[in-house]
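# What the coordinates show
Listed below are the residues making up each chain.
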Amino acid sequence: MKKIFLFTVLLFTVSISFAQRNQIIAYIDMEYILENVPEYLEAQNTLDEKVVKWRQKLDKEARFIEVLKTDLANEKAILTKDLIEEKEEEIALKQDELRRLESLYFGPKGDMFLLRKQLVKPIQDQVYNAIQSISARKKYDFVFDKSSELVMLYSNKKYDISDLVLATIDRTRLVDQKNAKKKQASAPKELTDKQKTAIAKKEAVIAKKLSDKEAKQKLAEERRQALLKKRDEKRELLRKKKEALKKKKEDAKKEQEKQENNN
């Protein structure tokens, strides 16, 4: 309903403009254009591969948590209150880590958002630049996107400039490639000191991020191992207490039988 209302308002606005002077209108199909831009398909494949890896890692962590929950449910009857609380704390820590990872990968400003922006935005800019160039050359007053939320109740194919946009992008790509080759041919083979310094700084920042990430993971693993060790120690103590109690009962029983035999 909202889309139809917006489209009605737009038509009303255009109708008023028509009363003043003739308007030139065109439209594109953004989905069709992007599907025919090789760089977009490559970017989408790269993004999809990353998403699959992130999902696999999250699924692995989720399965591990389920195993911990199952183990706790099976052992709860023989565990002390302290051991149960430690196991529950370990599960809670793992769940927090899983939520943190999910937010890191798929949050509003997560890795997926940043990677999509890095890969797809330059391609979208190519499309918008081509539309701007064509609109200025052919003096279009309006260019609509057929694949957007705006409902087009009817569209005449002769006003579809999608293929023209693709042709413009192809020409721009060829020009850019030609200029890049010229620049590469005339560029010095060795990096300047400024470039080397910039690269070194960038690598240092990346190395620090990796180091910080590894330190956090190591701290989390050490904490988990400490919890596991403490749990195992309490289990061993409980086992020894049970064995001592059992032995005490057996000794008492033997002593009683011995007294009964003497009597």
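The present account deals with the structure reproduced in this document. (Residues numbered from 1 in each chain as written. Predicted model: local features only at pLDDT ≥ 70, side-chain atom pairs only at ≥ 80, totals over all residues. Heavy atoms only, no water.)

### Focus: a positive patch on the surface
Here is the rule we go by: Residues forming no salt bridge and having over 30% relative accessible area are the ones grouped into patches, like charges within 9 Å of each other and nonpolar side chains (Val, Leu, Ile, Met, Phe, Trp, Tyr) within 5 Å. Every accessible area reported is derived by Shrake-Rupley at a probe size of 1.4 Å, with residue values counting cover from the shown protein chains alone. The salt bridge criterion pairs a side-chain nitrogen of Lys or Arg with a carboxyl oxygen of Asp or Glu, the two atoms within 4 Å. For this count, His and the chain ends are skipped, Lys and Arg are scored as positive, and Asp and Glu as negative. By convention, the charge on Lys lies at NZ, on Arg at CZ, on Asp at CG and on Glu at CD. The way it works is that DSSP assigns letters per residue, a run of H or I at least four long becomes a helix, a run of E at least two long becomes a strand, and they are numbered from the N terminus.
On the surface, a cluster of positive charge is made up of K57, K60, R63 and K213. Looking at the positive patch, the element that brings in the most residues is helix 3 (residues 38-75), giving 3 residues. Looking at the element boundaries, K57 is found in helix 3.

### Quick word on helix 5 (residues 111-138)
Put simply, the rule reads: One fewer than the residue count of a helix, multiplied by 1.5 Å, yields its expected span. Here the bend at each residue means the angle between axes fitted to two seven-residue stretches, the one ending at that residue and the one beginning there.
Along its 28 residues, helix 5 runs 40 Å from first to last C-alpha, staying within 8% of the 40 Å computed at 1.5 Å per residue. Along its length, helix 5 shows its largest kink, about 40°, at V120, and proline P122 lies within four residues downstream of that point. One or two positions beyond helix 5, positive phi appears at K139, with a value near 60°.

### Concerning the nonpolar core
Filter applied, for reference: Take the buried Ala, Val, Leu, Ile, Met, Phe, Trp, Tyr and Cys residues and link them wherever side-chain atoms come within 4.5 Å; each set so joined is a nonpolar core. Between buried and exposed lies partly exposed: a residue is buried under 20% and exposed over 50% of the maximum accessible area for its type, with that area taken using a 1.4 Å probe on protein chains only. Whether two residues are in contact is decided by their heavy atoms: any pair within 4.5 Å suffices.
Formed by 19 residues in total, the largest nonpolar core has its most connected members in I28, I33, V37, V127, I161, V165 and I169. At the level of secondary structure, the elements contributing two or more residues to this core comprise strand 1 (25-28), helix 2 (30-35), helix 3, helix 5 and helix 6 (162-186). It is helix 5 that provides the largest number of residues to this core, a total of 6 residues. Not counting residues up to four positions away in its chain, the partners in contact with I28 are I33, I131, V143, F144, D145, K146, S147, D160, I161, S162 and V165.

### Re the environment of D29
The criterion, for reference: Think of a polar contact as two N or O atoms within 3.5 Å of one another; within protein, one of them needs to be a possible hydrogen donor and the other a possible acceptor, and neighboring residues in sequence only count if both atoms come from side chains.
Structurally, the position occupied by D29 is in the loop between strand 1 and helix 2. Residues D29 and D160 lie 131 residues apart in sequence; the distance between their C-alpha atoms is 7.8 Å. Among residues more than four places away in sequence, those in contact with D29 are D145, K146, S147, D160 and S162. Engagement of the side chain of D29 in a polar contact is seen with the backbone nitrogen of E31, the distance being 3.3 Å.

### So, the packing of helix 4 (residues 81-106) against helix 7 (residues 193-262)
This is how it is decided: To define axes, lines are fitted to C-alpha atoms, for helices over the stretch in contact only, and angles between the resulting N-to-C directions are given on a 0 to 180 degree scale. Should an angle lie under 35 degrees it is considered roughly parallel, over 145 roughly antiparallel, and from 65 to 115 roughly perpendicular; all remaining angles are considered oblique. Handedness of each helix crossing follows the sense of rotation of the near helix against the far helix: counterclockwise by less than a right angle gives left-handed, clockwise gives right-handed. Only Asp, Glu, Lys and Arg are considered charged in this grouping, and only Ala, Val, Leu, Ile, Met, Phe, Trp, Tyr, Cys and Pro are considered nonpolar; every other residue, Gly among them, is considered polar.
Packing of helix 4 against helix 7 leaves a shortest axis separation of 10 Å and a crossing angle of 160°. Of the possible angle classes, the one that applies to helix 4 and helix 7 is roughly antiparallel. For the pair helix 4 and helix 7, the crossing hand works out as left-handed. Within the contact between the two elements, helix 4 uses D82, L83, E86, K87, E89, E90, L93 and K94 and helix 7 uses R223, R224, L227, L228, K230, R231, K234 and R235. When its residues are assigned to classes, the contact of helix 4 with helix 7 shows 4 nonpolar, no polar and 12 charged.

### A few points about the packing of helix 3 against helix 5
The contact between helix 3 and helix 5 brings their axes to 9 Å, and the two run at 170°. Classified by the angle their axes make, helix 3 and helix 5 are roughly antiparallel. Within the contact between the two elements, helix 3 uses E39, Y40, A43, Q44, T46, L47, K50, V51 and W54 and helix 5 uses D111, M112, L115, R116, L119, V120 and I123. Residue composition of the contact of helix 3 with helix 5, by class: 10 nonpolar, 2 polar and 4 charged.

### Notes on the side chain of D160
Within the element layout of this structure, D160 appears in the loop between strand 2 (142-145) and helix 6. In terms of polar contacts, D160 uses its side chain to reach the side chain of S162, at 2.6 Å. Excluding residues that lie within four positions of it along the chain, D160 makes contacts with Y27, I28 and D29.

Nothing here speaks to function; it is geometry throughout.
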